[in-house]
Amino acid sequence: AARPGDSFANAIRVYEGYTDCRIVNIGDKNYYRFQPTETATYEICTVGLMDTAGYLYNGDQRQLRSDDYPGQSFSITYKLEAGSTYYIRVNATTPRQSGVFTLSIEQTEREGSSFGSAIRVYEGYTDCEIVNIGDKNYYRFQPTETATYEICTVGLMDTAGYLYNSNQRQLASDDYSGQSFPII
């Protein structure tokens, strides 16, 4: 009889954070389904005394990464796309082992949190948000022609803006206290 988590079709839905899990029968493979709410790099791993192997699959059940070194819990780091479905398979690395473990899924870097993960924007308007106090959002703009561009924010939030070149050298900045920023 099928049990929850015994196949892709019966994968157990998990969320970012920690999930307590168990391999009940020796030789079982547990399948989990994860849909990230943000595009970001995530670390997927197990925590605990049980020696586990982990496999990451996309929504088409194609393997993207694996970590099955004996003697340790697995750890996979991979960039996941918001709203896409991913599957995680976990099994014991020792054939005659069962037990408990904690599955951890955590962002290592959110999209737009650094130069390396800057969000691409195009000429025109882009809806953006700052979710957490103190967050800094990075955007990447590649002009289609040589011209003068006005880069600014519009809205009720007091923002500051900094313009950098591709070598991450600051070219301009603006922080009109209490207003949105224009950088010309």
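One structure accompanies this document, and this report is about it.

What counts and what doesn't
- What you see as residue numbers is a count from 1 along each chain, following the sequence as written.
- With the structure being a predicted model, the display of local features is reserved for residues of pLDDT at least 70 and the display and counting of side-chain atom pairs for 80 or more, all residues being used for whole-chain, interface and lining totals.
- Heavy atoms from the whole structure form the basis of all side-chain values; hydrogens and water molecules are not counted.
- By this definition, two strands are paired if DSSP reports at least two bridges between them.
- Segments assigned H or I by DSSP are reported as helices when at least four residues long, segments assigned E as strands when at least two residues long, and all are numbered from the N terminus.
- Fitted lines through C-alpha atoms serve as axes, helices being fitted only where they are in contact, and the angles separating the N-to-C directions of these axes extend from 0 to 180 degrees.
- Cysteine sulfur atoms that pair up within 2.5 Å are treated as a disulfide.
- Residue exposure (1.4 Å probe, protein chains only): buried if accessible area is under 20% of the type maximum, exposed if over 50%, otherwise partly exposed.
- Method remark: on a 1 Å grid restricted to protein atoms, a set of points is classed as a cavity if a 1.4 Å probe fits but cannot get out and as a pocket if it is open with protein on both sides within 12 Å along at least five of seven lines; lining residues have an atom within 4 Å of a point.
- Grid points are joined across faces, edges and corners, and a volume is the space filled by probe spheres set on the points.
- In the scheme used here, Gly and all other residues not listed as nonpolar or charged are polar, with Ala, Val, Leu, Ile, Met, Phe, Trp, Tyr, Cys and Pro taken as nonpolar and Asp, Glu, Lys and Arg as charged.

### Comments concerning the sheet that holds strand S1 (residues 12-14)
At step 1: The sheet built from five strands is open, its strands ordered S1-S3-S8-S5-S6 with mixed pairing. A strand with exactly one partner marks an edge of an open sheet, and here the two such strands are S1 and strand S6 (63-67). The sheet shows a mean angle of 25° between the axes of neighbouring strands, taken without regard to direction.
At step 2: Examined bridge by bridge, strand S5 (residues 52-57) and S6 share four bridges and lie antiparallel to one another. Bridge assignment links Tyr55 to a residue of S6, and that residue is Ser66.

### Some points on the pairing of strand S13 (residues 161-164)
At step 1: One ladder, built from four bridges, connects S13 with strand S14 (residues 170-174); its direction is antiparallel. Paired with Leu163 across the two strands is Ala172, which belongs to S14.
At step 2: The hairpin turn running from S13 into S14, its antiparallel successor, is five residues long, and Gln168 in that turn takes a positive phi close to 65°.

### A look at the state of the cysteines
At step 1: Tallied over the entire structure, the rule returns zero disulfides.
At step 2: You can see Cys21 has no disulfide; the closest cysteine sulfur is in Cys45, sitting 11 Å from it.
At step 3: Its relative accessible area of 7% is what places Cys21 among the buried residues.
At step 4: Not engaged in a disulfide, the cysteine Cys152 finds its nearest cysteine sulfur in Cys128; these two sulfurs lie 11 Å apart.

### Considerations on unusual backbone geometry
At step 1: Phi is positive for Gln61, close to 65°, though the residue is something other than glycine.
At step 2: Take Gln61: it is sitting in the loop between S5 and S6.

### Here's the deal with the layout of surface pockets
At step 1: Taken as a whole, the second largest pocket holds about 350 Å³ of empty space.
At step 2: The wall of the second largest pocket is formed by 18 residues, among which Glu38, Arg110, Glu111, Ile119 and Glu129 lie closest to the centre.
At step 3: Only strand S9 (99-110) and strand S10 (119-121) provide two or more residues apiece to the lining of the second largest pocket.
At step 4: For the lining of the second largest pocket, the element with the highest residue contribution is S10, accounting for three residues.
At step 5: Considered class by class, the residues forming the lining of the second largest pocket number five nonpolar, six polar and seven charged.

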